[in-house]
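# Analysis of the macromolecular model
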Amino acid sequence: MDRHTYSRLEGPKAQALMNGFPLLDIAGIQSRLHSAQIGRELIYRPMIDSTNTLAMELAQQGATEGTIILTDDQPGGRGRQGRSWKALPGQQALLSIIVYPAFPAHFLVMGTALAVREAIALTTDLEPTIKWPNDVLIAGKKVCGILIETTAGADGRLCAVVGIGLNVHGSFKEIAELAQRATTIAEQGGQDVSREELIATLLERFDESYEMLQHGGADGTWRIWKHWRDHLSTLGHWVRIQQGARLVEGMAIGVDGDGALLVRQLDGATTQITWGDVEMR
Ligand code: BTN
């Protein structure tokens, strides 16, 4: 095997390892998980090309709402805007959640970022923020990326696959192109957190946000929007947003009710941003 070494500790505490790190303890996640719907069906593969790709296939075949795909390594991990997502085998939380939202997808973006933020805050002493629209940051560096893809489910309903890549253990210091931008929970002082506890907490928080969006009506949607907006670290910063060939630059002054970023440019005009990578100054 060129990419990994799988090994097994001998003796009473026998445990499978990947590159020297313990594989996820799936029973440990299930025993901690008290969600209503999310994670009741859980598929684990030690290694998979991309959890989102498998989730999209399963969604088209009629997967149950709340089905989770989890892995310890993902050589073909996909990021936003066609980028790849770097795996640190055995050290991240890499998962996809299959849902059938009856509300607009931009609220799912908010609910997911909030769930990740809260899971980290509840299981460590860290206080992550959200970079518009859904990167989770600690000390200004990205600790989690979220990729939401949609497809038609087997019954024709809109299905969303929520892919989450959360950097838990290890470090990006040795990876030149990421060292300045990416971080891990361990690197920021949360080294004692277990991936199992973090994943179970994340699924519970997602379960709650999702329930609020799906069944909470306008009040539920407003609560998620407000909570998300309150944790956005982008607001009040000078930002540059590249949208293909177009560059928008200005002060991030707020978000509208659908989550678009409001950027006031030097000429005084305010532009509504609905997509693109934000660089904060
Ligand atoms: C981003 O570009 O910030 C989004 C990264 C999303 C990565 C996760 S890891 C689990 C899931 N499977 C994938 O292939 N991508 C997402």
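Please refer to the structure placed before this passage.
For clarity, every value in this text was computed on a predicted model and none was experimentally measured. Per-chain numbering applies: the sequence of each chain, read as written, is numbered from 1 onward. For a predicted model such as this one, the threshold for reporting local features is a pLDDT of at least 70, and the threshold for listing and counting side-chain atom pairs is 80 or more; totals across whole chains, interfaces and linings nevertheless cover every residue. For the side-chain quantities, the full set of heavy atoms in the structure was used; hydrogens and water were omitted.

### Thoughts on the layout of surface pockets
Our working definition: Cavity: a set of points on a 1 Å grid over the protein atoms alone where a 1.4 Å probe fits but cannot get out. Pocket: an open set with protein on both sides within 12 Å along at least five of seven lines, its lining residues, like those of a cavity, having an atom within 4 Å of a point. Grid points are joined across faces, edges and corners, and a volume is the space filled by probe spheres set on the points. Helix and strand labels come from DSSP, where a helix needs a run of H or I of at least four residues and a strand needs a run of E of at least two; each type is numbered from the N terminus.
By volume, the largest pocket amounts to about 1100 Å³. Taken together, 43 residues make up the lining of the largest pocket; nearest its centre are Arg-83, Trp-85, Asp-135, Lys-142 and Arg-181. Where the lining of the largest pocket is concerned, the elements lending two or more residues are helix H2 (51-60), strand E6 (92-99), strand E7 (129-131), strand E8 (135-138), strand E9 (141-152), strand E10 (158-167), strand E11 (238-243) and strand E15 (277-280). By residue number, the principal contributor to the lining of the largest pocket is E9, which donates 5 residues.

### What about the packing of helix H3 (residues 105-123) against helix H5 (residues 217-230)?
In plain terms, the rule: Under this scheme, a helix contributes an axis fitted over its contacting stretch, all axes are lines through C-alpha atoms, and angles between N-to-C directions fall in the 0 to 180 degree range. Relative orientations are named as follows: roughly parallel for angles under 35 degrees, roughly antiparallel for angles over 145 degrees, roughly perpendicular for angles from 65 to 115 degrees, and oblique for any other angle. Each crossing gets its hand from how the near helix is turned against the far one by less than a right angle, where anticlockwise is left-handed and clockwise is right-handed. Contacts are assigned to residue pairs with any non-hydrogen atoms lying within 4.5 Å of each other. Asp, Glu, Lys and Arg are counted as charged, while Ala, Val, Leu, Ile, Met, Phe, Trp, Tyr, Cys and Pro are counted as nonpolar; the rest, among them Gly, fall into the polar class.
Orientation of H3 relative to H5, taken along the N-to-C sense of each, is 55 degrees, at an axis distance of 9 Å. Relative to H5, H3 is oriented oblique. The way H3 lies across H5 gives a crossing that is left-handed. Across the interface between the two elements, Phe-107, Met-110, Gly-111, Ala-113, Leu-114 and Glu-118 of H3 pack against Thr-221, Ile-224, Trp-225, His-227 and Trp-228 of H5. Its residues assigned to classes, the contact of H3 with H5 shows 7 nonpolar, 3 polar and 1 charged.

### Notes on the sheet that holds E6
Within a sheet, neighbouring strands are paired by backbone hydrogen bonds and run either parallel or antiparallel to one another. For clarity, the threshold we go by: At least two DSSP bridges between two strands are required for those strands to pair.
If you trace the 7 strands from one edge of the open sheet to the other, you get E4-E5-E6-E10-E9-E8-E7, paired in mixed fashion. Pairing within the sheet leaves two strands with one partner each, and these edge strands are strand E4 (42-47) and E7. Direction aside, neighbouring strands of the sheet carry axes that sit 20 degrees apart on average. As paired strands, E9 and E10 are joined by 9 bridges and run antiparallel to one another. Following the sheet pairing, Gly-145 is matched in E10 by Gly-165. Across the sheet, helix H4 (residues 195-215) lies against strand E5 (68-73), E6 and E10, angled at about 25 degrees from E6, the strand it touches most.

### Observations regarding the pattern of salt bridges
Our working rule: Salt bridges are defined as contacts in which a side-chain nitrogen from Lys or Arg sits within 4 Å of a carboxyl oxygen from Asp or Glu. Burial classification: accessible surface area is computed with a 1.4 Å probe over protein chains only, and a residue below 20% of its type maximum counts as buried, one above 50% as exposed, and the rest as partly exposed.
This structure, assessed with the given rule, holds 15 salt bridges. The residue Arg-195 makes a salt bridge to Asp-72 at a minimum N-O spacing of 2.8 Å. In this pair, Arg-195 sits in helix H4 while Asp-72 sits in strand E5, placing the two residues 123 residues apart along the sequence. Summarising the burial analysis for this pair, Arg-195 and Asp-72 share the class buried. The closest approach of N and O atoms between Arg-240 and Glu-249, which form a salt bridge, is 3.6 Å. Via salt bridges that share partners, Arg-240, Glu-249, Glu-279 and Arg-281 belong to a single interconnected network.

### Quick word on the site of the ligand
In plain terms, the rule: We call a residue near a molecule or strand as soon as one heavy atom of that residue lies within 4 Å of the molecule or strand. For the purposes of these results, a polar contact is taken to be a pair of N or O atoms within 3.5 Å, where, inside protein, one atom must be able to donate a hydrogen and its partner to accept one; residues adjacent in sequence count only when each atom of the pair is a side-chain atom.
For the ligand, the set of nearby residues contains 20 residues, the closest of which are Ser-50, Gln-74, Arg-78, Arg-80 and Lys-142. One nitrogen or oxygen atom from the main chain of Asn-52 is found 3.5 Å from a nitrogen atom belonging to the ligand. Broken down by secondary-structure element, the contributors of at least two residues to the shell around the ligand are H2, E6, E9 and E10. Sort the elements by how many residues they give to the shell around the ligand and E9 lands first, with 4 residues. Taken together, the residues of the shell around the ligand break down into 6 nonpolar, 10 polar and 4 charged.

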